[in-house]
Amino acid sequence: MSKLMSNYIPLDVTFVSGDGCWLTDKSGKKYFDALSGVGVVNLGHCHPDITVSIVEQAKTLLHTSNWYHIEHQEVLAERLCALSTMDNVFFANSGAEANEAAIKIARLFAKDKGIEEPAIISANESFHGRTMATLSATGNDKVQDGFSPLVSEFIHVEFDDIEALSKHSNNDNVVAVMLEPIQGEAGVIIPESDYLDKVKSLCEKNDWLLILDEVQTGMGRTGKMFAHQYNNITPDLLTLAKGLGNGVPIGACLAKGRAAKLFTAGKHGSTFGGNPLVCRVALSVLDVIENNSVLANVDKMSQYIHTQLESELSDIPAVQSIRIKGLMIGIGLDDNLIDKTKLLQKALDDQLLINIAGSSIRLLPPLIISSDEVDILINKIVKLIETAD
Ligand SMILES: Cc1ncc(COP(=O)(O)O)c(C=O)c1O
């Protein structure tokens, strides 16, 4: 009997090494990782430049506390701010912690405005993490089940519905709106192209902070460094994690304008957050994305995958929709025609790693995927769906 708690139910496979899009199990079998961990190893497993950074930094310095200057942290903050036009950064260790920081900043913003019982609006079907505040922000009963009383107050509204948001304009307790630009855990739900622009205007009109959770959509996943850059907007708070470290744990909460001034001494902190190792690695992640035309590859492969999926899947009755932005891919399935509970194991039997989110297959392949690897992926996906019962 495993001594691990039972909060995960792992599939029966143990990986021992990785290389690019591929993982190898204990028996030497190779699997196509069409999920990049879960949207983490965006540059592929064991990218050589990242490995060099980890090794060199491990030989030099792993940890000093945040009571001293950390050079890589300051350089990384500069580069992230330059890329996003944000003003300041707080470094955490995960997506949930990055969001927790954003929520705390929204609380301080409320205090500044004299609001005693602040409310944040987030979306139904959203996912923001598993800490008490971030699971309260998350718009999914399953994530919240068993954990009441929740952190109040989060108001949940329909995603991609500006009317649903603007109905709260006369609620004086609202201080912020928290959204994913594309909902990832919900199965890759892509809003109308002008939704975020409308949300930003509404936030400006009502003096609400706009918090964009780009933990999954950031770091090139959608073909731009940050997904909100498809719109002409800048959020007040922007959270990152997953791909920022390509496998080492790092999260970041970036802030702009008034929101950037609210964390004063002692208001927040983290022992591990922004340590020399993870910041050095994140700097290498940025180098690789910028120097190796990674975003151009995302665009090219995205178009290729889209064309291939449309031509191979559109005649299959069980396939209801194909949603794709960059290399975030959702294939909507008809639950009546396919038993999706069997798909994960079936894919694994064919040496393919995927995820089922809601009624969709979710794919987040590494951003460095080649066209030959796309062909392998498409063949496996078509076979998986065609032979599903
Ligand atoms: C949009 C989004 N926000 C937050 C999180 C939580 O990140 P972490 O698991 O690193 O705490 C996730 C994780 O899937 C996510 O997709």
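Model, not experiment: these values are computed from the prediction.

Below, the discussion takes up the overall build of the protein chain. Of the regular secondary structure elements, the protein chain holds 12 helices and 15 strands. Taken over the C-alpha trace, the protein chain has a radius of gyration of 21 Å; the compact-globule value for 389 residues is 21 Å, and the two agree within 12%. A principal-axis box enclosing the C-alpha atoms of the protein chain has dimensions of 60 × 55 × 45 Å. Counting across all 389 residues of the protein chain, residues that qualify as buried make up 53%. Within the protein chain, counting contacts between residues at least 6 apart in sequence, those at least 24 apart form 71% of the total. Accessible surface, the protein chain as shown: approximately 18000 Å² in total, 51% of it carbon and sulfur. If the 33 positive side-chain charges of the protein chain are averaged to one point and the 50 negative ones to another, these points end up 4 Å apart.

The subject of this paragraph is helix α2 (residues 48-60). Spanning 13 residues, α2 covers 18 Å between terminal C-alpha atoms, matching the ideal 18 Å at 1.5 Å per step. Looking only at α2, the buried set comprises Ile50, Ser53 and Gln57. Buried positions in α2, seen along its axis, are confined to an arc of 60° and lie on one side of it. Those residues of α2 that are exposed and aimed more than 90 degrees away from the buried face are Pro48 and Lys59. Elements in contact with the buried residues of α2: α3 (71-84) and α9 (276-291).

Looking now at the pairing of strand β7 (residues 174-179). With respect to burial, β7 is a largely interior element, 6 of its 6 residues being buried. As defined by bridge partners, strand β5 (residues 119-123) adjoins β7 across 4 bridges and the pair is classed as parallel. In the strand pairing of β7, isoleucine 120 is matched with alanine 176. Where β7 meets strand β8 (residues 209-213), 4 bridges bridge the pair, whose relative direction is parallel. Paired with valine 177 across the bridge in β8 is leucine 210. Viewed along the sheet, the connection from β7 through helix α8 (residues 195-206) into β8 turns out right-handed.

Further remarks concern the sheet that holds strand β13 (residues 352-353). Pairing is mixed across the open sheet formed by 4 strands, whose spatial order is β1-β2-β3-β13. Two strands in the sheet have a free side with no partner beyond their single neighbour: β1 (15-19) and β13. Two strands pair when backbone bridges link them, and β1 and strand β2 (residues 22-25) are joined in this way by 4 bridges, in the antiparallel orientation. The partner of phenylalanine 15 across the bridge, within β2, is aspartate 25.

Moving on to the domain arrangement of the protein chain. When cut into domains, the protein chain gives domain 1 (15-33 + 293-386) and domain 2 (49-291). The gap between the C-alpha centroids of domain 1 and domain 2 is 27 Å. Taken together, the contact between domain 1 and domain 2 spans 19 residues of the former and 22 residues of the latter. Roughly 1600 Å² of surface becomes buried between domain 1 and domain 2 when both sides are summed, with 62% attributable to carbon and sulfur atoms. Considering only the side of domain 1, the residues that lose the most area to domain 2 are Leu295, Lys325 and Met328, jointly responsible for 40% of the buried surface there. There are 1 salt bridge connecting domain 1 and domain 2. The partner of glutamate 185 in a salt bridge is arginine 362, and the shortest N-O contact between them spans 2.8 Å. Every element with two or more residues in the side of domain 1 that touches domain 2 is listed here: α10 (294-313), β11 (319-325), β12 (328-333) and β15 (360-363). The element that contributes the greatest number of residues to the side of domain 1 that touches domain 2 is α10, accounting for 4 residues. In terms of residue class, the side of domain 1 that touches domain 2 is built from 11 nonpolar, 4 polar and 4 charged.

The rules we used
- Residues numbered from 1 in each chain as written.
- Predicted model: local features only at pLDDT ≥ 70, side-chain atom pairs only at ≥ 80, totals over all residues.
- Heavy atoms only, no water.
- Helix = DSSP H or I, 4+ residues; strand = E, 2+ residues; numbered from the N terminus.
- Rg over C-alpha atoms; globule rule 2.2 N^0.38 Å.
- Buried < 20%, exposed > 50% of the residue type's maximum accessible area, 1.4 Å probe, protein only.
- Contact = heavy atoms within 4.5 Å.
- Areas by Shrake-Rupley, 256 points an atom, 1.4 Å probe, with all protein chains shown as cover.
- Lys, Arg positive; Asp, Glu negative; His and termini not counted.
- Charge placed at Lys NZ, Arg CZ, Asp CG, Glu CD.
- Expected span 1.5 Å × (residues − 1).
- Arc of directions from axis to C-beta.
- Pairing = 2+ DSSP bridges.
- Right-handed = clockwise from strand over helix to strand, strands pointing away.
- Domains from an automatic or database assignment.
- Buried area = accessible area lost by both parts, 1.4 Å probe.
- Salt bridge = Lys/Arg side-chain N within 4 Å of Asp/Glu carboxyl O.
- Nonpolar A, V, L, I, M, F, W, Y, C, P; charged D, E, K, R; others polar.

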